[in-house]
Amino acid sequence: EAQVTQNPRYLITVTGKKLTVTCSQNMNHEYMSWYRQDPGLGLRQIYYSMNVEVTDKGDVPEGYKVSRKEKRNFPLILESPSPNQTSLYFCASSFLGGLHNEQFFGPGTRLTVL
Amino acid sequence: GESVGLHLPTLSVQEGDNSIINCAYSNSASDYFIWYKQESGKGPQFIIDIRSNMDKRQGQRVTVLLNKTVKHLSLQIAATQPGDSAVYFCAENRPPLNKLIFGTGTRLQVFP
């Protein structure tokens, strides 16, 4: 089944404790992206990647890191989480170019930073 | 500034009626638009898309209309069902970066 998977689905942590949220897709998509979703603010892009070893900042990159060492994986790293990073996070992927390059979303990771 | 927004935060319809969800965008250079459905506890799910060289596109029970003159997008759902209850987002896709700009969403509530 074609899908985007994220782990963990739920995470409660404390301020300053490094964490990684994994994202993997099995559709051979070039493009991958991370979003956070907050009430009243909708979905905002954190980082994106056009291909392996190519990443760039989205609209809200502060406090986050990413890497793209393999085409299928795009982990989101919070080196020193803070309470304002409490949010619902989504990973997405898509092909680039073509007529229909809609992004496919993962199930989400709900993160709480105490 | 550039934005993609929705006119109504909540839309309530009776089962069997048609639903219309509206969206305004301000970037006239955008050439691709997507509607997503997000059910509680799930990620956004693709519904239908449309390119700017089209005015209308139909899917199964859904139709998207694009009016480039007034920069307006709408999603029509025919014979709305309880399973259609969700938050609906329009998103503006800006090639070549494949960047999605989302509106804040409209919650569709379907009553029996």
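Remember, it's a predicted structure, so these values are computed and weren't measured experimentally. (Residues numbered from 1 in each chain as written. Chains lettered and ligands numbered in written order. Predicted model: local features only at pLDDT ≥ 70, side-chain atom pairs only at ≥ 80, totals over all residues. Heavy atoms only, no water.)

Draft legend 1. Quick peek at the sheet that holds strand β3 (residues 19-25) of chain A. Residue and element names in this part refer to chain A. Read from one edge of the open sheet, four strands run β1-β3-β8-β7, paired in antiparallel fashion. Whereas interior strands pair on both sides, the edge strands pair on one side only; in this sheet they are β1 (4-7) and β7 (65-66). Taken together, the two bridges between β7 and strand β8 (residues 76-78) define a ladder with antiparallel strand orientation. Looking across to β8, one finds that K65 is bridged to I77. (Pairing = 2+ DSSP bridges. Helix = DSSP H or I, 4+ residues; strand = E, 2+ residues; numbered from the N terminus.)

Draft legend 2. Fine view of the packing of aromatic side chains. Counted by the stated rule, this structure contains 11 aromatic pairs over all chains. Ring centres 5.9 Å apart and planes at 65 degrees place the aromatic pair Y64 of chain A and Y89 of chain A in the edge-to-face group. Here the residue Y64 of chain A occupies a position in the loop between β6 (54-57) and β7, and Y89 of chain A occupies one in strand β9 (residues 87-94), the gap between them amounting to 25 residues. Measuring from ring centre to ring centre gives 5.8 Å for Y36 of chain B and F102 of chain B, while their planes differ by 45 degrees; the resulting arrangement is tilted. Here Y36 of chain B, found in strand β4 (residues 32-38), pairs with F102 of chain B, found in strand β10 (residues 99-102); they are 66 residues apart in sequence, far enough to count as distant. On the basis of relative accessibility, which here comes to 0%, the residue Y36 of chain B falls in the buried class. Of the residues examined, F102 of chain B reaches a relative accessible area of 9% and is grouped as buried. One aromatic cluster is present, formed by Y35, F90 and F105 of chain A together with Y36, F46, F89 and F102 of chain B through successive ring pairs. Over the aromatic face of Y32 of chain B sits the side chain of R51 of chain B, whose NZ or CZ is 4.3 Å from the ring centroid. (Phe/Tyr/Trp six-rings, centres within 6.5 Å; stacked < 30°, edge-to-face > 60°. Buried < 20%, exposed > 50% of the residue type's maximum accessible area, 1.4 Å probe, protein only. Lys NZ or Arg CZ within 6 Å of the ring centre and 35° of its normal.)

Draft legend 3. Focus on the environment of P44 of chain B. For P44 of chain B, the position within the fold is in the loop between β4 and β5 (45-51). Dropping the residues within four chain positions of it, P44 of chain B is found in contact with L43, F90 and F105 of chain A together with Y36, K37 and Q38 of chain B. (Contact = heavy atoms within 4.5 Å.)

Draft legend 4. Spatial organisation of the pairing of strand β3 (residues 19-25) of chain B. Residues and elements named next belong to chain B. Burial of β3 is one-sided: the residues S19, I21, C23 and Y25 facing one way are buried, the residues I20, N22 and A24 facing the other way are not. Of the strand pairs in this sheet, β3 and strand β8 (residues 72-77) are connected by six bridges, and their pairing is antiparallel. Counterpart to A24 in the pairing with β8 is H72.

Draft legend 5. The arrangement of the side chain of T13 of chain A in detail. All names here are of chain A. In this structure, T13 sits in strand β2 (residues 10-13). Residue T13 is classed as buried on the basis of its relative accessible area of 7%. With residues up to four places along the chain from it excluded, the contact list for T13 reads L19, L111, T112, V113 and L114.

Draft legend 6. Structural detail: the interface of chain B and chain A. Across the boundary between the two partners, chain B contributes 21 residues, which contact 23 residues of chain A. At the boundary of chain B with chain A, total buried surface from both sides reaches about 1,700 Å², with 48% on carbon and sulfur atoms. On the surface where chain B and chain A come into contact, there are zero salt bridges. Elements represented by at least two residues in the side of chain B that touches chain A include exactly β4, β5, β9 (86-94) and β10 of chain B. In terms of residues, the side of chain B that touches chain A owes the most to one element, β4 of chain B, which gives four residues. Residue classes in the side of chain B that touches chain A are distributed as 10 nonpolar, six polar and five charged. (Buried area = accessible area lost by both parts, 1.4 Å probe. Salt bridge = Lys/Arg side-chain N within 4 Å of Asp/Glu carboxyl O. Nonpolar A, V, L, I, M, F, W, Y, C, P; charged D, E, K, R; others polar.)

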